[in-house]
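Now for the letters of each chain:
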Amino acid sequence: MLKLAVIGAQTLLGRELVSALEARDASVLPLSIGALTVEEEVGDLVVFAPSRLLLEGLDAVILADTPDLDLLEGFPGRILDLRSEPEARIDPMPLAGPWPQGAKSLRGRPALEQVLALLPSLLEGLGEVGGTHLRSVAWMGDRGLDGLVEQTLAVLNGEDPDLAKLGYRQAFEVVPVTPAAGKGRLMEIRVPSFHGDLLILQVRAADGLALAKKTPPAGVKWVEAPPSSRDVAISADLLAHLDLATDGKAAVLTLGFDPVLWGILRPAMRVLGLMD
């Protein structure tokens, strides 16, 4: 049985990780990031203050939040950094397969990066791709959820919302984001949704070819209608829908995924060898 600790078990991501790991063949030690707060001591999830002694004999540590800097010094096991801003110098999790031999530490990959890497395995004849990413606040974890709740309540009460947690106004707003360098034809739009992202792609076939569905890889499911954010917020799978032109030369491909359930939990279970 795999023995591991989740540091930051009191966060949204940490709670999801503990729940998912306890349902598999793993022994899980839920840890806070420091001395326990009153809320943590009386909360539904039992968490412990971290110490090097508690980490002795563990196979791996998962970072859902940032602990004291010296906590992991000398830790001999594997470290999986799933924080929203992981150490950039650490290699990312592989897109397929288990933990690479010889690697001590890995970091999570952005969910969008994982989705785009799947496209060739979903469609035959794939050519040009462009579209829109409708992004929920789930990628920010507790900060995103709490920030959207607080902003929404403030607006409903006729007050100016506090922008500190999100960094921008999101309640009742649709916010386009200038594409980052390298994203090409993909536009990000932040929407006032708590969970569930949608990627709506305009797809064209490569020259001389026609578009066609492929048998989906593990973790992906073709569906009969375009998924909603609610559909994907409760699904561990990526939900895909294809609206194909009659000549097979163009299509609208809608991909729905939850950045936590599908973008973090599923690949984490895979690299740890805990997939069903």
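Reading the values: the criteria
Residues numbered from 1 in each chain as written. Predicted model: local features only at pLDDT ≥ 70, side-chain atom pairs only at ≥ 80, totals over all residues. Heavy atoms only, no water. Pairing = 2+ DSSP bridges. Helix = DSSP H or I, 4+ residues; strand = E, 2+ residues; numbered from the N terminus. Axes fitted to C-alpha atoms, helices over the stretch in contact; angles between N-to-C directions. Salt bridge = Lys/Arg side-chain N within 4 Å of Asp/Glu carboxyl O. Core = buried A, V, L, I, M, F, W, Y, C linked by side-chain atoms within 4.5 Å. Buried < 20%, exposed > 50% of the residue type's maximum accessible area, 1.4 Å probe, protein only. Contact = heavy atoms within 4.5 Å. Right-handed = clockwise from strand over helix to strand, strands pointing away.

A. Focus on the sheet that holds strand E2 (residues 26-31). The parallel open sheet is built from 5 strands, whose spatial order is E2-E1-E3-E4-E5. The sheet is open, and its two edges are formed by E2 and strand E5 (105-107), each paired on a single side. Neighbour-to-neighbour, the strand axes of this sheet turn through a mean angle of 20°, independent of strand direction. Alignment of strand E3 (residues 60-63) against strand E4 (residues 78-81), held across 4 bridges, turns out to be parallel. Bridge assignment links Val61 to a residue of E4, and that residue is Ile79.

B. Representation of the pattern of salt bridges. Counted under the stated rule, the structure contains 11 salt bridges. Here Glu73 makes a salt bridge to Arg52, at a shortest N to O gap of 3.7 Å. With Glu73 in the loop between E3 and E4 and Arg52 in helix H3 (residues 52-55), the pair connects residues that are 21 residues apart, well separated along the chain. Between Glu188 and Arg135 there is a salt bridge whose closest N-O contact spans 3.5 Å. Of this pair, Glu188 sits in strand E9 (residues 186-190) while Arg135 sits in strand E7 (residues 126-135); the two residues are 53 residues apart in sequence, bridging distant segments of the chain. Through salt bridges with shared partners, a single ionic network connects Arg135, Glu188 and Arg190.

C. Structural context of the nonpolar core. By size, the foremost hydrophobic cluster in this structure holds 28 residues, and its most contacted members are Val6, Leu17, Leu21, Leu80, Leu82 and Leu272. Mapped onto this core, the elements with two or more residues apiece are strand E1 (2-7), helix H1 (12-22), E2, E3 and helix H7 (261-271). In this structure, Leu21 is in contact with Leu4, Val6, Ala26, Val28, Ile62, Met269, Leu272 and Leu274, ignoring residues within four places of it in sequence. Counting 23 residues, the second-largest nonpolar core is a separate cluster that includes Ala111, Leu119, Val203 and Ala240.

D. H7, seen in detail. A large share of H7 lies buried, amounting to 8 of its 11 residues. Every buried residue of H7 is accounted for by Trp262, Gly263, Ile264, Leu265, Pro267, Ala268, Met269 and Val271. Buried residues belonging to H7 abut H1, E4, helix H4 (111-122), strand E13 (238-244) and strand E14 (250-257). One or two positions beyond H7, positive phi appears at Gly273, with a value near 75°.

E. Broad picture of the sheet that holds E7. The strand order E8-E9-E7-E10-E14-E13-E12 describes an open sheet built from 7 strands, whose pairing is mixed. Strands with a single pairing partner mark the edges of an open sheet, and in this sheet they are strand E8 (175-177) and strand E12 (220-222). Pairwise comparison of adjacent strand axes, ignoring direction, gives a mean angle of 25° for this sheet. In the sheet, E13 pairs with E14 via 6 bridges, with the strands oriented antiparallel. Of the residues in E14, the one forming a bridge with Leu244 is Ala251. H4 contacts E7, E9, strand E10 (197-205), E12, E13 and E14 of the sheet and is inclined by roughly 135° relative to E14.

F. Spatial organisation of the pairing of E1. Summarising burial for E1: 5 of the 6 residues are buried, a large majority. Taken together, E1, H1 and E2 constitute a β-α-β crossover, and its handedness is right-handed. Looking at chain direction, E1 and E3 are connected through 4 bridges and run parallel. When the sheet's bridge partners are listed, Val6 is paired in E3 with Ile62.

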